[in-house]
Amino acid sequence: MLLDIQGLSVRYGRIAAVRDASVNVAEGEVVAVLGANGAGKSSLLKAAIGLVTPNSGHILFAGSDATRWSTAQRLANGLVLVPEGRRIVMSLTVEENLLMGAYARRDLEAVRKEIGVIYERFPNLGERRHMLASVLSGGELQMLAIGRGALARPRLMMLDEPSLGLSPRLVQELFRHLVEINRTGLALLLVEQNTRKALGIASRAYVMELGRVVMSGTPGELLADDRLEAAYLGTGAKA
Amino acid sequence: MTGYLEGVFVLLAINIILAYGAFLPMAAGQLNLGVAGFVAMGAYIAAYLSNEYAWTPLAAALAASIATAAIAFVVAFPILRTRGIYLALATFALGQVVQATILNLNVVGGASGYPVSTFLGGGMVGAVALAVVIVVIALFHTRLGISLTAVSDDEIAADMMGLSVRWLQTVAFTLGSAVAALGGALYAHHFSFVEAQNFGIMASLYIVLYVLLGGTQTVWGPILGAAVFTLLPELLRGSASWRYVIFACLIIAVMVFRPQGVVTTGMLRRLLDVCRPRALPQGGK
């Protein structure tokens with residue numbers, strides 16, 4: 001397993017956000033984590049990247065115990081988070097934001113080349129490379145956030161609600177792009193409210209409810225199960 | 001140059017240096033309300049080295065700046081554990097501690113002030129100010145500049161991309177204190193007299209205001225802020241006692257209508273866009 005989260009619990013004061021959750025992702029795999037608001041999906045990802053400290057449980061990455069690693073160490077080992085709300089630095093230019101993703105890298109030649117590839121794939125970003133990120137639209141910001149994450153040269157990219165606030169057409173394009181980057185060998189761990197889209201590209205999925213993993217399986221198995229809809233209280237699973 | 005004009009010019013040069021002393025930590029998202037304490041350290045250490053060991057003014061200023069940086073680096077660890085308003089209060093208290101310590105240090109004259117035996121001309125003060133401006137601008141064109149902007153804009157995003165937020169803030173605080181101390185040392189050697197009363201909270205507030213008024217987002221903000229604060233009261237001299245009222249109203253107006261300061265990143269980009277002929281392809285949609 002590339003990422004192996006075992007029995008993870010995260011508490012904020014007296015509130016348990018994640019309870020004894022176990023989630024794993026194999027090399028090159030696309031795994032989705034589904035569930036309603038407040039199910040603990042974001043906290044799971046934040047613990048995985050080291051932004052919050054788990055109260056118990058283990059995080060193994062590529063066979064090493066990463067539970068006590070700093071965020072920088074996790075990045076250096078190939079784990080990256082594309083956060084909820086994208087968190088692009090608005091007072092930096094598009095290109096400076098991309099360079100932030102390559103913060104720990106020293107092979108600037110290769111970084112330049114990879115940035116060029118991103119501009120080719122998303123010409124809107126290329127045209128605005130020297131403009132402040134605040135001029136970008138929601139869809140462009142999301143692509144910038146993914147590009148920034150990719151520049152860290154990860155083996156596993158975790159994405160927290162990437163489709164949030166995007167139009168159906170942009171969601172379509174986003175998922176097409178996710179499939180593309182997965183084909184390059186990059187594993188994805190995708191937290192999504194858009195269940196159908198997420199299950200459309202994932203090979204396995206977990207369903208979380210009140211901090212616990214309540215179901216897991218292949219998209220086919222989950223879609224056939226009534227409990228998936230129950231976990232959302234009828235919010236997202238409908239056609 | 002007349003004596004009056006030279007006086008204003010030297011004050012402007014020193015104020016620009018002091019503004020950068022406050023700007024560096026502010027660019028990393030920290031308000032240093034004790035910046036005058038570091039100015040005082042620089043002034044007194046440099047003055048002491050000149051008086052007691054006959055160092056030349058520039059050597060003394062440089063040594064004082066380095067010594068103050070070392071002190072700032074050490075106090076940064078407890079101080080930068082606090083955030084927001086608590087950080088402002090902690091730095092404020094630090095400034096008070098420095099001032100009170102100097103008032104009780106009889107070896108540098110205590111409350112009666114400390115005369116400085118060697119003199120540094122206005123030209124030299126201006127040259128050092130120019131050097132500080134160039135160094136800070138160059139610094140902000142490196143990775144450090146991008147990193148500090150990222151830290152002040154979105155600490156969590158910076159953390160998530162593997163930037164060591166605490167280290168960057170410590171570096172900014174230390175560098176800022178070194179620059180502030182340099183300004184203090186120049187002040188001491190040009191005006192030939194320092195007293196602790198000059199380095200209180202009012203001095204810190206003024207220096208922080210230069211930066212807030214000019215703008216914290218770009219390296220040009222502090223220059224503009226320091227220039228306005230130094231020159232405007234002089235220009236308003238004609239209106240005698242009302243000048244401070246007019247001046248204060250202008251400050252309030254800027255803070256209300258342009259809270260991010262006069263010079264912003266967006267404004268600079270637009271200016272550059274206007275000046276530069278359009279070379280970028282516009283199509284491709």
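Residues numbered from 1 in each chain as written. Chains lettered and ligands numbered in written order. Predicted model: local features only at pLDDT ≥ 70, side-chain atom pairs only at ≥ 80, totals over all residues.

Engineer: What am I meant to see in the overall build of chain A here?
Structural biologist: When its secondary structure is counted, chain A shows 10 helices and 10 strands. Reported as C-alpha extents along the three principal axes, the dimensions of chain A are approximately 50 × 40 × 35 Å. Taken across its 239 residues, chain A has 46% of its residues classed as buried. A sequence separation of at least 24 residues applies to 65% of the contacts in chain A between residues at least 6 apart. (Helix = DSSP H or I, 4+ residues; strand = E, 2+ residues; numbered from the N terminus. Buried ≥ 20, exposed ≤ 12 C-beta atoms within 10 Å, placed from the backbone. Contact = placed C-beta atoms within 7 Å.)

Engineer: Help me understand the overall build of chain B in this model?
Structural biologist: Within chain B, the regular secondary structure consists of 12 helices and two strands. From first element to last, N terminus to C terminus, chain B shows the α and β order α-α-α-α-β-α-α-α-α-β-α-α-α-α. With 285 residues in all, chain B has 47% of them scored as buried. Across chain B, contacts joining residues at least 24 apart in sequence account for 79% of those joining residues at least 6 apart.

Engineer: Please explain the sheet that holds strand S7 (residues 156-160) of chain A as it appears in this structure.
Structural biologist: By way of backbone hydrogen bonds, the strands of a sheet pair with one another, either parallel or antiparallel. Residues and elements named next belong to chain A. In space, the six strands of this open sheet follow the order S6-S7-S8-S3-S9-S10, with mixed pairing throughout. Both outer strands of the open sheet, strand S6 (79-82) and strand S10 (212-217), are each paired with one neighbouring strand and no more. Strand after strand, the sheet turns through a mean of 20° between neighbouring axes, direction not considered. (Pairing = 2+ DSSP bridges. Axes fitted to C-alpha atoms, helices over the stretch in contact; angles between N-to-C directions.)

Engineer: Just to check I follow, could you spell out the nonpolar core for this structure?
Structural biologist: Taken as a class, soluble globular proteins show a tendency for nonpolar side chains to be buried jointly. The biggest cluster of nonpolar side chains holds 167 residues, and the ones touching the most others in it are A:Met158, B:Ile17 and B:Val39. Counting residues per element, this core draws most heavily on helix H1 (residues 3-27) of chain B, at 15 residues. (Core = buried A, V, L, I, M, F, W, Y, C linked by C-beta atoms within 7 Å.)

Engineer: Which parts of the structure should I look at to understand helix H6 (residues 138-150) of chain A?
Structural biologist: Three or four residues apart is the spacing at which side chains of an α-helix point the same way, because the helix has 3.6 residues per turn. Residue and element names in this part refer to chain A. The terminal C-alpha atoms of H6 lie 18 Å apart, and with 13 residues this matches the ideal 18 Å at 1.5 Å per residue to within 8%. Most of H6 sits inside the fold, with 10 of its 13 residues counted as buried. Turning to H6, its buried residues are Leu141, Gln142, Met143, Leu144, Ala145, Ile146, Gly147, Arg148, Gly149 and Ala150. Where H6 is buried, its residues contact S6, helix H3 (94-101), helix H4 (108-121), helix H5 (123-127), S7 and helix H7 (168-183). (Expected span 1.5 Å × (residues − 1).)

Engineer: How do you make sense of the confidence of the model for chain B when you look at a structure like this?
Structural biologist: Atomic detail in the predicted coordinates should be set aside for any region of low pLDDT. Residue and element names in this part refer to chain B. Per-residue confidence for chain B averages 90 on the pLDDT scale, and 94% of its residues sit at or above 70. Ranking the helices and strands of chain B by mean pLDDT puts helix H2 (residues 35-53) first, with 97, and helix H12 (residues 265-275) last, with 73. The ipTM for the predicted assembly is 0.84, set against a pTM of 0.86. (pLDDT = per-residue confidence, 0-100.)

Engineer: Is there a simple way to explain helix H1 (residues 41-49) of chain A in this structure?
Structural biologist: All names here are of chain A. Among the nine residues in H1, nine count as buried, and that is most of the element. Within H1, the full set of buried residues consists of Lys41, Ser42, Ser43, Leu44, Leu45, Lys46, Ala47, Ala48 and Ile49. Immediately downstream of H1, the backbone of Gly50 shows phi near 95°, a positive value.

Engineer: Just checking my understanding: could you explain the sheet that holds strand S2 (residues 15-25) of chain A for this structure?
Structural biologist: Residue and element names in this part refer to chain A. Ordered in space as S2-S1-S4-S5, the four strands form an open sheet in which the pairing is antiparallel. The two strands at the open ends of the sheet, each matched to only one other strand, are S2 and strand S5 (64-65). In this sheet, S2 lies alongside strand S1 (residues 3-12) in antiparallel orientation, the contact comprising seven bridges. Directly across from Ile5, in S2, lies its bridge partner Val23.

Engineer: Quick question: what am I supposed to make of the packing of helix H5 (residues 122-139) of chain B against helix H8 (residues 165-191) of chain B here?
Structural biologist: Residues and elements named next belong to chain B. One way to put it is that H5 packs onto H8 with a least axis distance of 10 Å and a crossing angle of 175°. In terms of orientation, H5 lies roughly antiparallel with respect to H8. Every residue of H8 that contacts H5 at Gly122, Val125, Val128 and Val132 is listed here: Val179, Leu182, Leu186 and His190. (Parallel < 35°, antiparallel > 145°, perpendicular 65-115°, else oblique.)

Engineer: What's the story with the pairing of S1(A) in this structure? I'm lost.
Structural biologist: Note on strand geometry: in a regular strand, side chains alternate between the two faces of the sheet. All names here are of chain A. The antiparallel hairpin formed by S1 and S2 contains two residues in its connecting segment, where Gly13 sits at a positive phi of about 65°. As paired strands, S1 and strand S4 (residues 56-61) are joined by five bridges and run antiparallel to one another. Bridging across to S4, Gln6 finds its partner in His58.

Engineer: Help me out: how do you make sense of the pairing of S6(A) in this one?
Structural biologist: Residue and element names in this part refer to chain A. Side-chain alternation along S6 places Leu79 and Leu81 on one buried face and Val80 and Val82 on a second face that is also buried. Note: S6 against S7, four bridges, orientation parallel. By the bridge assignment for S7, Val82 is matched with Leu159.

Engineer: I'm lost on unusual backbone geometry in this one. Help?
Structural biologist: Note: most peptide bonds trans; most residues except glycine with negative phi. Here the phi dihedral of A:Arg86 falls at roughly 70°; this positive angle occurs in a residue that is not glycine. Note that A:Arg86 resides in the loop between S6 and H3. The buried category is assigned to A:Arg86, around which 23 C-beta atoms lie within 10 Å. Positioned with a positive phi, B:Ala54 is a non-glycine residue whose angle comes to about 55°. Using a count of 10 C-beta atoms within 10 Å as the deciding quantity, one classes B:Ala54 as exposed.

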